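Coordinate analysis (summary)
Here is how the chains run, residue by residue.
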Amino acid sequence: MKKYEIAEILGVDAKTLNNWKENRKELYEIVMNHFEKEKDYPDLTNPNYLKSEMIKAIDKLPEHKTKKFYHLMMAELAEMGH
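What counts and how
Residues numbered from 1 in each chain as written. Predicted model: local features only at pLDDT ≥ 70, side-chain atom pairs only at ≥ 80, totals over all residues. Heavy atoms only, no water. Helix = DSSP H or I, 4+ residues; strand = E, 2+ residues; numbered from the N terminus. Rg over C-alpha atoms; globule rule 2.2 N^0.38 Å. Salt bridge = Lys/Arg side-chain N within 4 Å of Asp/Glu carboxyl O. Buried < 20%, exposed > 50% of the residue type's maximum accessible area, 1.4 Å probe, protein only. Axes fitted to C-alpha atoms, helices over the stretch in contact; angles between N-to-C directions. Parallel < 35°, antiparallel > 145°, perpendicular 65-115°, else oblique. Contact = heavy atoms within 4.5 Å. Nonpolar A, V, L, I, M, F, W, Y, C, P; charged D, E, K, R; others polar.

1. Topic: the overall build of the protein chain
In terms of regular secondary structure, the protein chain is built from five helices and zero strands. Secondary structure of the protein chain in N-to-C order comes out as α-α-α-α-α. Here the C-alpha radius of gyration of the protein chain, 23 Å, is well above what a compact globule of 82 residues would show, namely 12 Å. Considering only C-alpha atoms, the protein chain reaches an extent of 60 × 25 × 20 Å along its principal axes.

Next comes the structure, spelled out in structure tokens:
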């Protein structure tokens, strides 16, 4: 990400970032590291990812909640004709 884009997100002038680089080095490094890190966002359009996340979430539920979600899901599927 370019400095001017970071400045725009922060609502400051690009010159402010340069001032931070000179006068507030720690703040500048924190800000730049945050924006330079490669972000790994999940692909919410991938059905396999969604299914695996649902299974992980269900595995963390108490038994009675798991049963509840099962019946809710089956009701939704029945409503759709499956």
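After presenting the structure, the write-up continues.
2. With respect to the pattern of salt bridges
Inspection of every chain in the model, using the stated rule, returns two salt bridges. Salt-bridge contacts for Glu 53 lead to Lys 56; the nearest nitrogen and oxygen are separated by 3.0 Å. One end of the pair is Glu 53 and the other is Lys 56, both in helix H4 (residues 47-59) and three residues apart, which spans about a single turn. Accessibility expressed as a relative area gives 47% for Lys 56, which makes it partly exposed.

3. Comments concerning the packing of helix H1 (residues 3-10) against helix H2 (residues 14-23)
Viewed as axis vectors pointing N to C, H1 and H2 meet at an angle of 100°, and their least axial separation amounts to 8 Å. If you check the angle between H1 and H2, you find them roughly perpendicular. Here Lys 3, Ile 6, Ala 7 and Leu 10 of H1 lie close against H2, whose contacting residues are Ala 14, Leu 17, Asn 18, Trp 20 and Lys 21. Along the lines of polarity and charge, the residues of the contact of H1 with H2 split into six nonpolar, one polar and two charged.

All we've got here are geometric facts, nothing functional implied.
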